[in-house]
Amino acid sequence: MNQSEFHVRLAEPRDRESLVTFNLALARETEGRQLDGALIQAGVESLLADSAKGFYVVMEHRPNGRMIGQLLITFEWSDWRNAVFWWLQSVYVQKEWRRRCVFKQLYDYVLREAKRQGNVAGIRLYVEQDNTVAQGVYAHVGLAAAPYKVFETDFILPTRPSE
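Report on the accompanying structure. (Residues numbered from 1 in each chain as written. Predicted model: local features only at pLDDT ≥ 70, side-chain atom pairs only at ≥ 80, totals over all residues. Heavy atoms only, no water.)

Scanning the chain from terminus to terminus reveals four helices and five strands. The N-to-C order of helical and strand elements in the chain reads β-α-α-β-β-β-α-β-α. Each principal axis of the C-alpha atoms in the chain carries an extent, and together these give about 45 × 40 × 35 Å. Counting across all 163 residues of the chain, residues that qualify as buried make up 37%. Look at the contacts in the chain between residues 6 or more apart in sequence, and 61% of them connect residues 24 or more apart. On the chain, roughly 10500 Å² of surface is accessible, and the fraction owed to carbon and sulfur atoms is 52%. Both charge centroids of the chain, one from 20 positive and one from 20 negative side chains, sit 6 Å from each other. (Helix = DSSP H or I, 4+ residues; strand = E, 2+ residues; numbered from the N terminus. Buried < 20%, exposed > 50% of the residue type's maximum accessible area, 1.4 Å probe, protein only. Contact = heavy atoms within 4.5 Å. Areas by Shrake-Rupley, 256 points an atom, 1.4 Å probe, with all protein chains shown as cover. Lys, Arg positive; Asp, Glu negative; His and termini not counted. Charge placed at Lys NZ, Arg CZ, Asp CG, Glu CD.)

Below you can see the structure in the form of structure tokens.
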């Protein structure tokens, strides 16, 4: 991959349509969910308008400026560390660009920025238990399985179709 053909940057309002499209595809591919596009659009717009909620990092292919990958960072305060964890969410790379180091470049950008800021305790993510491909990618860039399980009560999305 010729690095000069690609650009990693913070998402901007002009990226809204791609972010919505990628989030809908992510839900379909990883969880078999058909999400409400209007709800996703409102969520993306809300985040883009309020950096306290988080931020998207995107990769674009420079010859045409087309987005080919994204990830979302949200925040969790840690009183034990007096610092914030950055949570990786909404990780998506277009199918034709997978296995071409797109996620690695997005992650490296986030890692550099987190270290530069100095008030970030670490980076975390959650991944579907059966998504061994993604787990392998995450391990490859240096993320390690944490000794925690995630429990939730979801007020918005119903249980998954397989449950």
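Next up on the list: the packing of helix α1 (residues 16-31) against helix α2 (residues 37-49). Two elements in contact, α1 and α2, have axes separated by 9 Å at closest approach and are oriented at 130 degrees. In terms of orientation, α1 lies oblique with respect to α2. For the pair α1 and α2, the sense of crossing is right-handed. Only Gly37, Ile40, Gln41, Val44, Glu45 and Leu48 of α2 make contact with α1, whose side of the interface consists of Arg16, Leu19, Val20, Asn23 and Leu24. (Axes fitted to C-alpha atoms, helices over the stretch in contact; angles between N-to-C directions. Parallel < 35°, antiparallel > 145°, perpendicular 65-115°, else oblique. Left-handed = near helix turned anticlockwise from the far one by under 90°.)

Right, let's get into the packing of aromatic side chains. Applying the stated criterion to the full structure yields seven aromatic pairs. Judged by centre distance (5.9 Å) and plane angle (50 degrees), the ring pair of Trp87 and Tyr126 falls under tilted. In this pair, Trp87 sits in strand β4 (residues 83-93) while Tyr126 sits in the loop between β5 (120-125) and α4 (132-140), placing the two residues 39 residues apart along the sequence. A relative accessible area of 18% places Trp87 in the buried class. (Phe/Tyr/Trp six-rings, centres within 6.5 Å; stacked < 30°, edge-to-face > 60°.)

Among the nonpolar cores identified, the biggest contains 26 residues, and Leu71, Trp86, Leu88, Phe103 and Val110 are the most heavily contacted of them. Of the residues forming this core, the biggest block, six residues, is contributed by helix α3 (residues 102-117). Of all hydrophobic cores here, the second largest spans 15 residues; its members include Phe22, Ala25, Ile40 and Leu72. (Core = buried A, V, L, I, M, F, W, Y, C linked by side-chain atoms within 4.5 Å.)

The side chains of a regular strand alternate between the sheet's two faces. Pairing of strand β2 (residues 55-61) with strand β3 (residues 66-78) involves seven bridges; the strand directions are antiparallel. Paired with Glu60 across the bridge in β3 is Met67. With nine bridges joining them, β3 and β4 adopt antiparallel strand pairing. Across the sheet, residue Leu72 finds its bridge partner in β4, namely Gln89. Hairpin remark: β3 followed by β4, antiparallel, with four residues in the connecting loop; positive phi at Asn82, about 50 degrees. (Pairing = 2+ DSSP bridges.)

Let us look at a nonpolar patch on the surface. Together, Leu39, Phe155, Ile156 and Leu157 make up a nonpolar patch on the protein surface, roughly 460 Å² of accessible area in all. Of note, Leu39 is situated in helix α2. Using a relative accessible area of 47% as the deciding quantity, one classes Leu39 as partly exposed. (Patch = residues over 30% accessible without salt bridge, like charges linked within 9 Å, V, L, I, M, F, W, Y side chains within 5 Å. Salt bridge = Lys/Arg side-chain N within 4 Å of Asp/Glu carboxyl O.)

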